[in-house]
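Structural characterization, general
Residue strings, one per chain:
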Amino acid sequence: MNIIRPRYDGAIAESVVSEPVDFAVEDVAVAPPVINQAATKTDGLGCHAGAAELKAAAQAAGKSEILDRYAADYPKGPHDQPQSMCPAFGSLRVGLRMRRTATILSGSACCVYGLTFTSHFYGARRTVGYVPFNSETLVTGKLFEDIREAVFKLADPALYDTIIITNLCVPTASGVPLDLLPDEINGVRIIGIDVPGFGVPTHAEAKDVLAAAMLEYARKEVEQGPVQAPRGGRSERPTVTLIGEMFPADPVGIGMMLEPLGLAAGPVVPTREWRELYAALDCSAVAAIHPFYTASFRQFDLAGRKIVGSAPVGHDGTEAWLESIGAACNVGRDKIDAAKNRFLPAIRAALAAKPINARINVSGYEGSELLVARLLIESGAHVPYVGTACPRTQWSDPDREWLEAKGVRVQYRASLEMDLAAMEEFKPDLAIGTTPVVQKAKQLAIPSLYFTNLISARPLFGVAGAGSLAQVVNAALANKGRFDEMKEFFGETGEGFAAGVWEDTPKDNAPFREKYRKQMEALAKKRKSEEMV
């Protein structure tokens, strides 16, 4: 009998189990793998299944408690869910940005591929672990055993402080119990989270899911005894922890504004290293720069920390924020006034030096949309509409109230349709938004800017933030003439029935459209009748 021993050379050899696998050649042709057929028949769910079906399956599989908590922390509506990227990208991004942290995904291969592709597109230079599964391993519990085995093999304290395992939609719907994993292995912390698209509305809130899980773990470590100090040592002054990803220069600028108050800027949550979590909890107050980190705020509440909403954005925002931070940290009136007298005139001068004179719609899914709108308005712009995919929370109330007092329509949980309708209604000179909003605006010959890459990639706070948007905004506005020229030249080419790639001259096929419309109406009636049964 001939025996085959697979051998691999080069880089692939490092990713293949080195134990020899023996099997007979003649067995390969006649002996198919043994599969539990009953198990495969019961697995009717995949990433293509509807949110309602996946949610019902998850509740039946014992995930009701976590789904209920997500529903309370991240309320949906007025529609089910904003159109955004896969929510799990948010938590994956947080893990990949941390030192000495390994990340493992458990989900459908197509989802894992998309998430890893997006992560590396945004500059991640880290390996993403993946535990594959099939119908049998999913429904028989073998997937959990595979995850457990992978975690034990990966838990090397010389390499990692933490291992993060994330259940995507299908494993969550199937009830894969990551909470049964050990809390630590060989001194390496194990964090298991569920981030299903049918439970966590946006990738911004998925950041909160992981940040809160790590804060809870760190808080319990602090309660048990001494913990590791920050890499740069403890601050000599009381600190203010900053919540939400932001431009790298912003924490430095915020620290400068805190200095006259006798305070210092603490870590930014999500942190870049585990030990920073201890320093984040060891603060005098928490600045809810991004107001949607509901679960993280709960951990700070449990630690007895005060939370301050809004941010030092523009003149009015900075003045109110310094007052609130000063009150939360029991700072004397003389120090608060000194800080305001030092920074507010400089901010006002910076805003006046770089004015913006245009009607601008703002939308996005980062969570800082209201802050950007405030800065634009103080720069002289007219902002009739702000849409954010994130929910309304008490920590965003100061910004909402300020904007509404200026006549701005603030739409939480904004859908793409809402953003497009606002663009049609207000006909802005410039649209700031997500990729499809930008695309539609350009089709209408309206200058536009992608929020994430062109707006979030600039300082927003203090003196550095004042006037920071003027250059990119005014440059985009200056392109209006070019858009008009292109619109006039191309006319209606490539629109409507002529959209797409054609080898011949496009022809309108009205009968086909009518037939397809009737088919869709019939299908909609059928679905409605089935729902009534």
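Residue numbers run consecutively from 1 along every chain, following the written order of its sequence. Note on the predicted model: pLDDT of at least 70 is required for a residue's local features to be given, and 80 or more for side-chain atom pairs to be given and counted; whole-chain, interface and lining totals, by contrast, use all residues. Only hydrogens and water are removed before side-chain values are computed, so all heavy atoms of the structure are retained for them.

**Things to note about the overall build of the chain**
What counts as a helix is a DSSP run of H or I of at least four residues, what counts as a strand is a run of E of at least two, and both are numbered from the N terminus. Each helix and strand counted, the chain has 24 helices and 16 strands in total. For the chain, buried positions account for 47% of its 533 residues. We call two residues contacting when some pair of their heavy atoms lies within 4.5 Å. When contacts within the chain are restricted to residue pairs at least 6 apart in sequence, those whose partners lie at least 24 apart make up 71%. Looking at the chain as shown, the accessible area adds up to about 26,800 Å², and 54% of this sits on carbon and sulfur atoms. Only protein chains enter the accessibility calculation, which uses a 1.4 Å probe; a residue is then buried when its area is under 20% of its type maximum, exposed when over 50%, and partly exposed in between. The protein chains shown are the only cover counted for residues, whose accessible areas, like all others here, come from Shrake-Rupley with a 1.4 Å probe.

**Regarding the sheet that holds strand β15 (residues 430-433)**
Spatially, the five strands line up as an open sheet ordered β14-β13-β12-β15-β16, and their pairing is parallel. At either margin of the open sheet sits one strand with a lone partner, and together these are β14 (409-412) and β16 (448-450). For this sheet, the mean inter-axis angle between neighbouring strands, taken without regard to orientation, is 10°. For two strands to count as paired, DSSP must find a minimum of two bridges between them. Here three bridges tie β15 to β16, and the two strands are oriented parallel to one another. The partner of Gly433 across the bridge, within β16, is Tyr450. To define axes, lines are fitted to C-alpha atoms, for helices over the stretch in contact only, and angles between the resulting N-to-C directions are given on a 0 to 180 degree scale. Of the strands in this sheet, β12 (359-364), β13 (382-388), β14 and β15 are in contact with helix α18 (residues 416-426), which crosses β13 at around 170°.

**Things to note about the confidence of the model for the chain**
pLDDT: the predictor's confidence for each residue, scored from 0 to 100. Predicted confidence across the chain gives a mean pLDDT of 87, with 89% of residues reaching 70 or more. When the criterion is pLDDT under 50, residues 1-44 qualifies, and its contacts beyond four places in sequence or with other chains add up to 33 contacts.

**What to know about the packing of helix α11 (residues 249-258) against helix α14 (residues 314-328)**
At a minimum axis distance of 11 Å, the contact between α11 and α14 shows a crossing angle of 65°. Considering only the axes of α11 and α14, their crossing is right-handed. Note on element contacts: α14 touches α11 through Thr318, Trp321, Leu322 and Ile325, opposite Ile254, Met257 and Leu258. By residue class, the composition of the contact of α11 with α14 is six nonpolar, one polar and no charged. If you view the pair so one helix is near and one far, a crossing is left-handed when the near helix is turned anticlockwise from the far one by less than a right angle, and right-handed when it is turned clockwise. The nonpolar class holds Ala, Val, Leu, Ile, Met, Phe, Trp, Tyr, Cys and Pro. Asp, Glu, Lys and Arg form the charged class, and all remaining residues, Gly among them, are polar.

**Thoughts on the packing of helix α16 (residues 369-378) against helix α17 (residues 397-405)**
Two numbers describe how α16 lies on α17: the axes approach to 10 Å, and their chain directions differ by 40°. Of the two possible hands of crossing, α16 and α17 adopt the one that is left-handed. Residues Leu370, Leu371, Ala373, Arg374, Ile377 and Glu378 of α16 touch α17, and the partners they reach there are Pro398, Asp399, Arg400, Trp402 and Leu403.

**Remarks on helix α13 (residues 294-302)**
Quick reminder: α-helices carry 3.6 residues per turn. Residues three or four places apart thus point the same way. Of the residues making up α13, those classed as buried are Ala295, Ser296, Phe297, Gln299 and Phe300. Immediately downstream of α13, the backbone of Gly304 shows phi near 80°, a positive value.

**A word on the sheet that holds strand β7 (residues 188-194)**
Ordered by their spatial adjacency, five strands build an open sheet running β4-β3-β5-β7-β6, and the pairing between neighbours is mixed. With one partner strand each, in any of the chains shown, β4 (128-130) and β6 (184-185) form the two edges of the open sheet. Helix-sheet contacts for helix α10 (residues 203-224) involve β5 (162-167), β6 and β7, and the interaxial angle to β7 is about 140°.

**So, the pairing of strand β8 (residues 239-243)**
Of all the five residues making up β8, five are buried; the element is thus mostly covered by neighbouring parts of the structure. Where β8 lies against strand β9 (residues 264-269), four bridges are found, and the strand directions are parallel. From the neighbouring strand, Val240 faces β9, where its bridge partner is Ala265. Sheet topology places β8 next to strand β10 (residues 285-288); three bridges connect them, and they run parallel. Bridge assignment links Val240 to a residue of β10, and that residue is Ala285.

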